[in-house]
Amino acid sequence: PGDVQPGGLEVRGLAGPSLRLRRGVRHGLFVRNAAGEPTNFHAHGLHVAGHGNADDVMRTVRPGDAAVYNYTLPRHHMGGTFFYHAHRHGSV
């Protein structure tokens with residue numbers, strides 16, 4: 001359902017590819033919006049800052065545009081399986 005490229009992600013279906021993040025490492029996630037409406041990238045269960053460009057639900061990626069999301073999981077972050085989805089505040 002999605003294409004993964006070095007440091008990038010393009011989701012064209014209902015679910016995207018699996019992502020593996022390491023604790024204590026800064027991860028840059030390149031997201032291109034191939035949908036016909038504004039969107040956002042939102043992860044569940046990750047203990048990350050809700051400001052900046054990590055997991056800000058007020059951030060908008062317009063159709064055809066791309067954005068970089070920077071995630072750094074704390075060293076004490078629990079391991080597990082988490083999920084992500086498109087999330088535009090006020091539309092979902």
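Enquirer: Mind showing me how you'd approach the overall build of the protein here?
Expert: Each helix and strand counted, the protein has zero helices and six strands in total. N-terminal to C-terminal, the α/β element order of the protein is β-β-β-β-β-β. A total of 92 residues make up the protein; the buried ones form 27% of that total. Restricting the contact set of the protein to residue pairs at least 6 apart, pairs at least 24 apart contribute 60%.

Enquirer: What should I look at first to understand the packing of aromatic side chains in this one?
Expert: Aromatic rings considered in pairs are described by the distance between their centres and by the relative angle of their planes. Throughout the structure, instances matching the rule amount to three aromatic pairs. Where Phe41 meets Tyr71, the ring centres are 6.1 Å apart and the plane angle is 70°; that geometry is what we call edge-to-face. You can see Phe41 sitting in strand E4 (residues 41-44) and its partner Tyr71 sitting in strand E5 (residues 66-72), a full 30 residues away along the chain. Given the relative accessible area of 7%, Phe41 is considered buried. Judged by its relative accessible area of 3%, Tyr71 is buried. Clustering of aromatic rings is evident, with ring pairs tying together Phe41, Tyr69, Tyr71 and Tyr84. The ring of Tyr69 carries Arg59 above its face, with NZ or CZ at 4.4 Å from the centroid.

Conventions adopted
Residues numbered from 1 in each chain as written. Predicted model: local features only at pLDDT ≥ 70, side-chain atom pairs only at ≥ 80, totals over all residues. Heavy atoms only, no water. Helix = DSSP H or I, 4+ residues; strand = E, 2+ residues; numbered from the N terminus. Buried < 20%, exposed > 50% of the residue type's maximum accessible area, 1.4 Å probe, protein only. Contact = heavy atoms within 4.5 Å. Phe/Tyr/Trp six-rings, centres within 6.5 Å; stacked < 30°, edge-to-face > 60°. Lys NZ or Arg CZ within 6 Å of the ring centre and 35° of its normal.

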